[in-house]
Amino acid sequence: MATGPVPFVKWAGGKAQLLNVLVKCVPKKFETYCEPFLGGGALFFRLYSEGMIKKAILSDANKDLINCYIAIRDNEEALLTELEILQQHSNHKDFFYEVARPKFNKIRLKTGMEGDPPKAALLVYLNKTCYNGLYRVNSDGVFNVPWGRNNNPRIYDEDNIRAVGKALRDRRVKVICCDYSSVLTKVGVNDFVYFDPPYQPLSMTSSFTSYTPDPFGEDDQKRLASMFMELDKEGSFVLMSNSVNPLIEELYNDYIEGGNYLKVMAARQISCKGDGRGRIYEYVFFNHHPG
Ligand SMILES: C[S@@+](CC[C@H](N)C(=O)[O-])C[C@H]1O[C@@H](n2cnc3c(N)ncnc32)[C@H](O)[C@@H]1O
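Residues numbered from 1 in each chain as written. Predicted model: local features only at pLDDT ≥ 70, side-chain atom pairs only at ≥ 80, totals over all residues. Heavy atoms only, no water.

Novice: Whenever I open this one, the environment of Phe104 confuses me. Can you help?
Specialist: Topologically, Phe104 is positioned in helix α5 (residues 93–110). For Phe104, a relative accessible area of 0% corresponds to the buried category. Leaving out residues up to four positions away in the same chain, Phe104 has contacts with Asp64, Lys119, Leu122, Leu123, Leu126 and Phe143. (Helix = DSSP H or I, 4+ residues; strand = E, 2+ residues; numbered from the N terminus. Buried < 20%, exposed > 50% of the residue type's maximum accessible area, 1.4 Å probe, protein only. Contact = heavy atoms within 4.5 Å.)

As C-alpha cells, then:
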C-alpha cells in the first residue's frame, strides 16, 4: 500500500511523536512553508502528505544530513543499492565499529553535499544503529556516537525512500544547507515558519545540543527569539518547539502571557545514562489561532 513519506532518519529531538499536537497548531492557509531546523522533517512530511504544501524551503546546518536529502533526491537508485547491502549488517556491532563508522568518517572529510550515495547510506545506517539516533562529531570532525543495541533496525526501506525522493523532486520543494538565519530573509507575509531548534539544556549536566560542530547556545536562543518576534510582527505565521526552561520562559514571556502556547508531554532521553528516558514537558509557541 502506498503511503506518504515519513522521516528516513530517527533524528534526536524528532517530532514524530508530537505530530498530532503540532498539526493542530498549523495555520489553515499559508503560502511558503519554511523549516530551518529540518532534522528528520517530521512535520514537513506530514503536511506534504496532506497536500498542504504549496512551496517549501527546507534547511539544516548539518552537511551530512543535507547530503542525504540530496542523495535521495538525485541518486535514489544508487542509494537504495547501498542501503540494501547495509541492511544485512543491521545487528552487527563489529561491522558498526570496524567498517561503517571509520568508512563514514573517511568519506565525510573528503566529500560535501553532492548527494554522495555511500556517505548518505552510511549516515542512515549509523543513525539507525547508533545510540538514540544521535549525531555527534568531535573537534576533529569524527563521528563518535557508540553502538546503540537497537533490535533489527530498518535501514533499507525502499517504499519510504521512494516516497521521500518523489516529494524532494517536487519542483516546489527546495533543500538547502545553511544556518537558520539565512533562510529567514526568504520569507514574508502569510508564509509559515516552523522552528525546531536544538533545545536549551534542561540542566547544566544534560547538555546535548550538538547536531553540528557549532553547538547551539544561549546566544543562539536569544538571536532566534528576536527573529521569531520579528517575523511575527511582519505578518508571517510562526511556530516554535522548545524546552521548558527559565531562559526560554523569559524569552517567550509575551507568548506565555498572551496564552499563545501549549505545554506538551514528550518521551525524551533526559540523561546520558542508558535508563535516562523519561516523559517531560516541552513548549510550543505560536502567533496564530490553532486550527
Ligand atoms: C531538534 S532537531 C530538529 C528535529 C526535526 N524537527 C525532526 O522532526 O526530526 C534540530 C536540528 O537543528 C539543526 N541545527 C543546529 N544548529 C543549527 C543552525 N545554526 N542552523 C540551522 N540548523 C541547525 C541540527 O542539525 C538538527 O537537525
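Novice: So what exactly am I meant to see when it comes to the packing of α5 against helix α6 (residues 117–129) here?
Specialist: Packed helices, taken two at a time, are described by the angle their axes make and the gap between the axes. Interaxial distance between α5 and α6 falls to 10 Å at its minimum, and their mutual angle equals 135 degrees. If you check the angle between α5 and α6, you find them oblique. Viewed along their axes, α5 and α6 form a crossing whose handedness is left-handed. Here Phe95, Phe96, Ala100, Arg101, Lys103, Phe104, Ile107 and Arg108 of α5 come into contact with α6, specifically with Pro118, Lys119, Leu122, Leu123, Tyr125, Leu126 and Thr129. Considering only residue class, the contact of α5 with α6 consists of ten nonpolar, one polar and four charged. (Axes fitted to C-alpha atoms, helices over the stretch in contact; angles between N-to-C directions. Parallel < 35°, antiparallel > 145°, perpendicular 65-115°, else oblique. Left-handed = near helix turned anticlockwise from the far one by under 90°. Nonpolar A, V, L, I, M, F, W, Y, C, P; charged D, E, K, R; others polar.)

Novice: Sorry if this is basic, but what is going on with the domain arrangement of the chain here?
Specialist: Accessible area lost upon the coming together of the parts is a frequently used measure of interface size. Partitioning the chain into structural domains gives domain 1 (21–61 + 178–286) and domain 2 (68–158). Computed from C-alpha atoms alone, the centre-to-centre distance between domain 1 and domain 2 is 26 Å. (Domains from an automatic or database assignment.)

Novice: What exactly am I supposed to notice about helix α9 (residues 218–234) here?
Specialist: Spacing of three or four residues puts side chains on the same side of an α-helix, whose turn is 3.6 residues. With 17 residues, α9 ought to run about 24 Å at 1.5 Å a step, and its terminal C-alpha atoms sit 25 Å apart, in line with that. After α9 finishes, the residue Gly235 shows a positive phi value of roughly 100 degrees. (Expected span 1.5 Å × (residues − 1).)

Novice: Just to check I follow, could you spell out the site of the ligand for this structure?
Specialist: Taken together, 24 residues lie around the ligand, and Trp11, Gly40, Asp60, Asp179 and Asp196 are the ones closest in. Between Gly40 and the ligand, the recorded distance is 2.8 Å, taken from a backbone N or O atom to an oxygen atom. In the environment of the ligand, an oxygen atom lies 2.6 Å from a nitrogen or oxygen atom belonging to the side chain of Asp60. About the coverage of the ligand: the protein hides 97% of its 610 Å² of free accessible area. Across the shell around the ligand, the residue classes tally to twelve nonpolar, seven polar and five charged. (Near = heavy atom within 4 Å. Polar contact = N/O pair within 3.5 Å; in protein donor to acceptor, adjacent residues only side chain to side chain. Areas by Shrake-Rupley, 256 points an atom, 1.4 Å probe, with all protein chains shown as cover.)

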